[in-house]
Amino acid sequence: MVLIFLFSGIQAYAVDPEVPDSEEAISAGQSIFNANCKTCHRLDQKLIGPALRGVTDRRELAWIKQFITNSQVLVQGGDADAVALFKEFNNTVMPAHDFLSDGDLTNLLSYIEFGDKVDPAAAAAAAGAEGGEAASSGGGIPNEYLTIILVVLVIVLVLVLVVLGLIVSVLTKYMNKNDDLDEDDKAFINQKTDYKGIFKSDGMIIIVTAIVLAFVVKTAINGLYTVGVQQGYAPSQPIAYSHELHAGQYEIPCQYCHTGVEIGKSANIPSANICMNCHMHIQNVEGKDGISPEIAKIYDAVDNNKPIEWVRVHNLPDLAYFNHSQHVVVGGVECQTCHGPVEEMEVVSQYSALTMGWCIDCHRNTEIDTQGNEYYDKLVQLHSESSNDALKVKDIGGLECAKCHY
Ligand code: HEC
Ligand code: HEC
Ligand code: HEC
Ligand code: HEC
Ligand code: HEC
Ligand code: HEC
């Protein structure tokens, strides 16, 4: 069965007699591929370069080997295919690999055509599992999966009950045809189950109550957890981008990427183009060769014009209104007061509780910086007539419901 499957997979490609499909060739090719090509290529997926499987169908063997050895020789020599490909990939230069022997190249092609055959069902399952993982913050078995498993279990149980019922009725019919049985036996076979009695029995009532109670308690606990989980929430992100490296070590100002903080409500998460300002030139951390797979993801996003799907960390409910520029520019509050030492964070986590009490506490205690702000002069004067305290956010309406709620 497995053999047939593998075989049919191989048959799907017009096998070039010069590309061996032996285990040794494939695994030798795989290690060369991983060392030299993997940063830019996948077998079945476009990355920085094209997906490679099937290339021996598209092109002449000699052409491929020449291209891998030094693609620029072909491009500059005006080879039509090479020039078209080079243009299609925005003039990205594929590095030369003139250190590879002819045997190496042949093994590479074996791996490219026959290696890592993906079983579509397994791939779909893996992709599904990844999606579920991303959706649930905790790790372990994602909640949606538990629900699905439970539903399946219930369905199976019901099916078993139905089948058992069928068997009982068939057996009953069969036994009734049997003339050897005396009256007692017949009465036993034909007895009706007393469903009413079962439902009213103490046992049943206890079981049902217990199930309902367990359900209520579980829901309540889940609810409590979601209240607590927010603070310290640090989801893993699609790219291993580090604030510690960028904002800490390289001292890139927060506003360089979070362009909205000074002009409006939202701080903005930078688009891949902002990353490209630098990563056009920086392809890896110092001391490493090739393209970092994490940075390759930025190229992938830009090339395919799809946004990087960062997972949101901070999220106020819709009923609350918060404005960054009001706090950062007018209020002069530092990012770190609310977000903590982001420049030391490898992965961003939610530092503050973000509850109403948190906002209100700060508004009660924070003095307004009125120095050199004419707008506040009048307010300060009015305020000092009625109170000895400094002017605080609460005194300018920072506790009014409508300021924070629509
Ligand atoms: C730095 C990124 C990079 C690396 C590393 C790289 N390639 Fe490429 N490759 C490309 C790009 C980009 C193209 C598209 C053509 C172009 O821009 O020159 C390409 C094109 C190709 C093609 C032509 C595909 C076609 O559809 O005709 C082959 C074959 C190929 N690469 C094989 C390899 C092999 C084998 C290795 C490793 C030994 C490798 N490449 C390493 C970027 C890379
Ligand atoms: C080079 C670009 C860059 C710089 C500089 C930068 N950030 Fe970020 N920031 C990002 C990206 C990308 C994300 C989304 C991914 C993540 O959460 O790590 C992010 C996420 C955040 C978040 C979480 C947003 C959410 O989803 O709720 C906060 C808070 C934040 N940054 C604060 C800061 C602060 C404070 C600074 C300066 C000390 C800073 N950032 C500097 C790129 C940057
Ligand atoms: C102002 C320049 C600049 C910007 C903008 C920038 N980076 Fe970087 N990035 C760097 C530097 C510098 C390094 C470290 C290089 C080194 O250590 O040699 C780096 C390293 C990285 C690394 C680590 C690579 C590895 O192999 O570990 C990742 C991932 C990364 N950046 C992602 C991003 C993302 C995503 C963005 C956009 C949100 C971004 N960068 C924006 C300058 C920048
Ligand atoms: C007074 C507290 C406070 C200060 C100061 C503050 N933030 Fe925020 N930040 C928040 C809150 C609250 C949210 C959640 C907003 C929401 O969900 O609507 C947030 C969300 C964010 C986000 C996620 C995207 C968004 O706009 O919702 C980023 C990025 C961010 N802040 C960066 C910064 C940076 C950079 C600074 C400093 C320049 C800063 N913040 C200063 C409280 C603050
Ligand atoms: C670290 C302290 C701090 C925290 C936390 C904080 N604020 Fe503020 N907030 C201020 C300061 C300071 C001002 C005054 C700015 C000014 O001078 O107008 C302000 C002003 C405001 C105003 C304008 C009030 C007015 O009368 O004009 C609103 C609305 C507001 N904050 C909403 C929020 C919300 C919503 C939260 C919680 C999600 C929050 N703030 C958390 C410090 C804080
Ligand atoms: C400084 C800003 C601020 C002020 C002033 C404020 N709130 Fe809120 N309120 C919030 C924030 C932020 C949340 C969301 C907190 C959370 O999700 O835990 C919230 C949540 C709520 C909720 C929903 C609670 C829940 O559990 O979902 C209610 C109801 C509410 N506020 C009523 C009021 C009333 C009434 C007032 C006036 C007396 C008021 N708020 C004043 C910021 C404020």
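See the structure above.
Model, not experiment: these values are computed from the prediction. (Residues numbered from 1 in each chain as written. Chains lettered and ligands numbered in written order. Predicted model: local features only at pLDDT ≥ 70, side-chain atom pairs only at ≥ 80, totals over all residues. Heavy atoms only, no water.)

*Asks:* Teacher, can you tell me more about the site of ligand 2 here?
*Replies:* Near ligand 2 lie 20 residues; those nearest to it are His243, Cys254, Cys257, His258 and His314. Within the side chain of His243, one N or O atom sits 2.8 Å away from a nitrogen atom of ligand 2. Counting only elements with at least two residues in the shell around ligand 2, the list comes to helix H12 (243-249), helix H13 (254-257) and helix H17 (335-339). Per element, the largest residue contribution to the shell around ligand 2 is three residues, and it comes from H17. Of the residues belonging to the shell around ligand 2, the class tally is 13 nonpolar, six polar and one charged. (Near = heavy atom within 4 Å. Polar contact = N/O pair within 3.5 Å; in protein donor to acceptor, adjacent residues only side chain to side chain. Helix = DSSP H or I, 4+ residues; strand = E, 2+ residues; numbered from the N terminus. Nonpolar A, V, L, I, M, F, W, Y, C, P; charged D, E, K, R; others polar.)

*Asks:* Any chance you could explain the site of ligand 6 here in plain terms?
*Replies:* The full set close to ligand 6 counts 15 residues, and Pro317, Met356, Cys401, Cys404 and His405 are the nearest of them. One nitrogen or oxygen atom from the side chain of His405 is found 2.8 Å from a nitrogen atom belonging to ligand 6. The biggest single contributor to the shell around ligand 6 is helix H18 (residues 356-365), with four residues. Per-class residue counts for the shell around ligand 6 are 10 nonpolar, four polar and one charged.

*Asks:* Is there a simple way to think about the nonpolar core in this case?
*Replies:* Within soluble globular proteins, side chains that are nonpolar generally end up buried alongside one another. Ranked by size, the top nonpolar core spans 26 residues in total, and within it Phe33, Trp63, Leu108 and Leu109 carry the most contacts. Elements represented by at least two residues in this core include exactly helix H2 (23-36), helix H4 (61-76), helix H5 (80-88) and helix H6 (102-114). Discounting residues that sit within four places of it in the chain, Leu109 has contacts with Val19, Val55, Thr56, Leu61, Ile64 and Lys65. Ile48, Ala272, Ala301 and Ile308 belong to the second-largest nonpolar core, a separate cluster that totals 12 residues. (Core = buried A, V, L, I, M, F, W, Y, C linked by side-chain atoms within 4.5 Å. Buried < 20%, exposed > 50% of the residue type's maximum accessible area, 1.4 Å probe, protein only. Contact = heavy atoms within 4.5 Å.)

*Asks:* Explanation requested: the coordination of the iron atom of ligand 6 in the structure shown.
*Replies:* Four donors placed tetrahedrally around a metal ideally meet at 109.5 degrees, and six donors placed octahedrally ideally meet at 90 or 180 degrees. On the protein side, the iron atom of ligand 6 has Met356 (SD) and His405 (NE2) as donor atoms, found 2.0 to 2.1 Å from it. For the iron atom of ligand 6, the six donor atoms in the first shell make angles of 86 to 178 degrees at the metal, so the coordination geometry reads as octahedral. Taken together, the residues span a long stretch of sequence, with Met356 in helix H18 and His405 in the segment after helix H20 (401-404) at a distance of 49 residues. According to the relative accessible area criterion, Met356 is exposed, its value standing at 57%. (Donors = N, O, S within 2.8 Å, 3.2 Å for Na, K, Ca; no water. Tetrahedral: all angles 85-135°; square planar, octahedral: opposite > 155°, others 65-115°.)

*Asks:* Is there a simple way to think about the coordination of the iron atom of ligand 1 in this case?
*Replies:* Distances from the iron atom of ligand 1 to its protein donors, His41 (NE2) and Met94 (SD), fall within 2.0 to 2.1 Å. For the iron atom of ligand 1, the six donor atoms are set out with angles of 87 to 178 degrees between them, so the coordination reads as octahedral. You can see His41 sitting in the loop between H2 and helix H3 (55-58) and its partner Met94 sitting in the loop between H5 and H6, a full 53 residues away along the chain. With a relative accessible area of 9%, His41 lands in the buried category.

*Asks:* Could you clarify how one ought to interpret helix H14 (residues 272-279) in this entry?
*Replies:* An α-helix turns once per 3.6 residues; consequently, residues spaced three or four apart project the same way. Restricting attention to buried positions, one finds in H14 the residues Ala272, Cys275, Met276 and His279. Take H14 and look down its axis: the buried residues cluster within an arc of 105 degrees, on one side only. Tucked into the core, H14 has its buried residues touching H12 and helix H15 (293-303). (Arc of directions from axis to C-beta.)

*Asks:* Any chance you could explain the environment of Gln249 here in plain terms?
*Replies:* With respect to the secondary-structure elements, Gln249 resides in helix H12. Judged by relative accessible area, Gln249 falls into the exposed class, the value being 58%. Taking the C-alpha atoms as reference points, Gln249 and Glu344, 95 residues apart in sequence, are found 8.9 Å from one another.

*Asks:* Can you walk me through the packing of H14 against H15 in this structure?
*Replies:* The angle between the axes and the distance between the axes are what describe a pair of packed helices. For the pair H14 and H15, interaxial distance at closest approach is 10 Å and the crossing angle is 125 degrees. With respect to H15, the element H14 is oriented oblique. The way H14 lies across H15 gives a crossing that is left-handed. From H14, Ala272, Asn273, Cys275, Met276 and His279 reach across to H15, where they touch Ile295, Ile298, Tyr299, Ala301 and Val302. Among the residues forming the contact of H14 with H15, the class breakdown is eight nonpolar, two polar and no charged. (Axes fitted to C-alpha atoms, helices over the stretch in contact; angles between N-to-C directions. Parallel < 35°, antiparallel > 145°, perpendicular 65-115°, else oblique. Left-handed = near helix turned anticlockwise from the far one by under 90°.)

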